[in-house]
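# Residue-level structural notes
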Amino acid sequence: MDYKNAGVDIEAGYRSVELMKEHIARTMRPEVLTNIGGFSGAFSMDAVRKMEKPTLVSGTDGVGTKLKLAFLLDKHDTIGIDCVAMCVNDIACAGGEPLFFLDYIACGRNEPGKIAAIVSGVAEGCVQAGAALIGGETAEHPGLMPEDEYDLAGFAVGVVDEKDLITGSDVKARDVILGIGSSGVHSNGFSLVRKVFPMEKAALEMYYEELGGTLGEILLTPTRIYVKALRSVKEAGVRVKACSHITGGGFYENVPRMLPNGMRAVIQKGSWPVPPIFDLLAKKGEIDEHMMYNTYNMGIGMMIAVDPADVEVAKKAIREAQETVYEIGRIEAGEKGVELC
């Protein structure tokens, strides 16, 4: 008896690491001091010495049941972007600049080509965020997970000067809410998606005219990464007073998180185009409008609140970062919460 007969292929692990290296190399920053394959990743803090009070911010998350679609379609090269996005977008919400990222892949059986495809997506997400992929772990769990399935999670660390932290504390009535467009469902609400649509390869490969693609293609579209957009706003001299990443819980849970007590957000429905996938999802699943806005991003992946005088400059900066932006609401005095009208 040996470890391979017990279900863990050490040699496959070595091959996975070798296949990963070319993808990981794309993410490197000058601050990275170690090579992949060591026991830890080292990252120099020299780049933050000019900050008055450098403050670390972190985020950790996974992809959730969106992974089921990747299994069914045997497409694994974009799901890593989702994992990175879910972590670095939260860091960007605090005004932070992502520095480095680590991933964790648990699988029933280590298939080096599949693992490398997953990591290629993680690397692409890191490139989009400007973060270095400095380490990770691939754990083989025979008997605990099905051989053809895996789970993916990640952890990111960023930095922000304490004076630039986005806390929402200085939000005032009449501040304007700008929404940055999403790429679709992103990585939340897939347990409901999987109840509405048959989770069969044939159903996912069905072409929908209104979607402009197959159902699987649209649902697997990676989560947008908003790091560059928020950096562009900051570099344009605009103070982002509050920021919300619209993830699980949709508008009703996430928007209030960016507000101080005594302030409420009023969001104008119809001020941005809702992607067709949400209309199809609501229709097929007979999901009422409130539940849709309480579960999904509905086409807005990130919201920021800015002073009215900064609106046009902020819009220009976001567009220069190749993102779409809409003026979707305002801040009013009142009980903390969000109103969609």
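Residues numbered from 1 in each chain as written. Predicted model: local features only at pLDDT ≥ 70, side-chain atom pairs only at ≥ 80, totals over all residues. Heavy atoms only, no water.

### A closer look at the overall build of the protein
Stated formally: Numbered from the N terminus, helices here are DSSP runs of H or I no shorter than four residues, and strands are runs of E no shorter than two. Based on C-alpha atoms, the radius of gyration is set beside the globule rule, defined as 2.2 Å times the residue count to the power 0.38. Exposure categories follow from relative accessible area, calculated using a 1.4 Å probe and restricted to protein chains: below 20% of the type maximum is buried, above 50% is exposed, and the middle band is partly exposed. Surface exposure here means Shrake-Rupley accessible area, sampled with a 1.4 Å probe, where a residue is shielded only by the protein chains that are shown. Charge counting follows a simple rule: Lys and Arg are positive, Asp and Glu are negative, and His as well as the terminal groups are ignored. Charge placement uses NZ in Lys and CZ in Arg. For Asp and Glu, CG and CD serve respectively.
Looking only at helices and strands, the protein has 12 helices and 12 strands in total. Its C-alpha atoms give the protein a radius of gyration of 21 Å, near enough to 20 Å, the size a compact globule of 341 residues would have. Considered along the principal axes of its C-alpha atoms, the protein spans approximately 70 × 55 × 30 Å. The buried share of the protein, taken over its 341 residues, is 53%. Roughly 15,400 Å² of accessible area belongs to the protein as shown, and the carbon and sulfur atoms make up 51% of that amount. In the protein, the 35 positive side-chain charges and the 48 negative ones have mean positions that sit 4 Å from each other.

### Let's talk about the sheet that holds strand 4 (residues 150-161)
For clarity, the threshold we go by: Two strands qualify as a pair provided DSSP detects at least 2 bridges between them. Between the N-to-C directions of two axes lies an angle of 0 to 180 degrees, each axis being a line fitted to C-alpha atoms and, for a helix, fitted only over the stretch in contact. Throughout, a residue-residue contact means that at least one pair of heavy atoms, one from each residue, lies within 4.5 Å.
Taken together, the four strands give an open sheet; going across it, the order is 1-4-2-3, and neighbouring strands pair in mixed fashion. Strands at the two margins of the open sheet, each flanked by one partner only, are strand 1 (54-62) and strand 3 (132-140). Across the sheet, the axes of successive neighbouring strands diverge by a mean angle of 15°, strand direction being ignored. Sheet topology note: the strand 2 (residues 97-107)/strand 3 ladder contains eight bridges and is parallel. When the sheet's bridge partners are listed, Cys107 is paired in strand 3 with Glu140. Against the sheet, helix 4 (residues 112-129) makes contact with strand 2, strand 3 and strand 4, and its axis sits at roughly 165° relative to strand 2, the strand it touches most.

### Structural notes on the packing of aromatic side chains
The line we're drawing: Only rings of Phe, Tyr and Trp enter the pairing, Trp through its six-membered ring, and a pair is recorded when the two centres are within 6.5 Å. The plane angle decides the type: under 30 degrees is stacked, over 60 is edge-to-face, the rest tilted.
Throughout the structure, instances matching the rule amount to five aromatic pairs. Judged by centre distance (4.9 Å) and plane angle (75°), the ring pair of Phe71 and Tyr150 falls under edge-to-face. In this pair, Phe71 sits in helix 2 (residues 67-73) while Tyr150 sits in strand 4, placing the two residues 79 residues apart along the sequence. The same class applies to Phe71 and to Tyr150, which are both buried. Cluster of aromatic residues (ring-pair linked, three or more members): Phe251, Trp272 and Tyr293.

### Notes on the sheet that holds strand 12 (residues 337-340)
Here we have six strands laid out as an open sheet, ordered 8-10-5-11-9-12, and mixed in their pairing. Taken across any chain shown, the strands that pair with only one partner, and hence form the sheet edges, are strand 8 (242-245) and strand 12. Going across the sheet, the axis of each strand differs from the next one's by a mean of 25°, ignoring polarity. Pairing analysis gives five bridges linking strand 9 (residues 263-267) to strand 11 (residues 325-333), with the strands arranged antiparallel.

### Here we look at the layout of surface pockets
How we decide: Of the grid points, spaced at 1 Å and generated over the protein atoms alone, those admitting a 1.4 Å probe that cannot get out make up cavities, while open sets with protein on both sides within 12 Å along at least five of seven lines make up pockets; any residue with an atom within 4 Å of a point is treated as lining. Grid points are joined across faces, edges and corners, and a volume is the space filled by probe spheres set on the points.
Of the pockets and cavities examined, the second largest pocket occupies roughly 310 Å³. Lining of the second largest pocket is provided by 17 residues; of these, Gly95, Asp164, Leu230, Arg231 and Lys234 occupy positions nearest its centre. For the lining of the second largest pocket, the secondary-structure elements that each account for two or more residues are strand 4 and helix 8 (227-235). At five residues, helix 8 tops the list of elements feeding residues into the lining of the second largest pocket.

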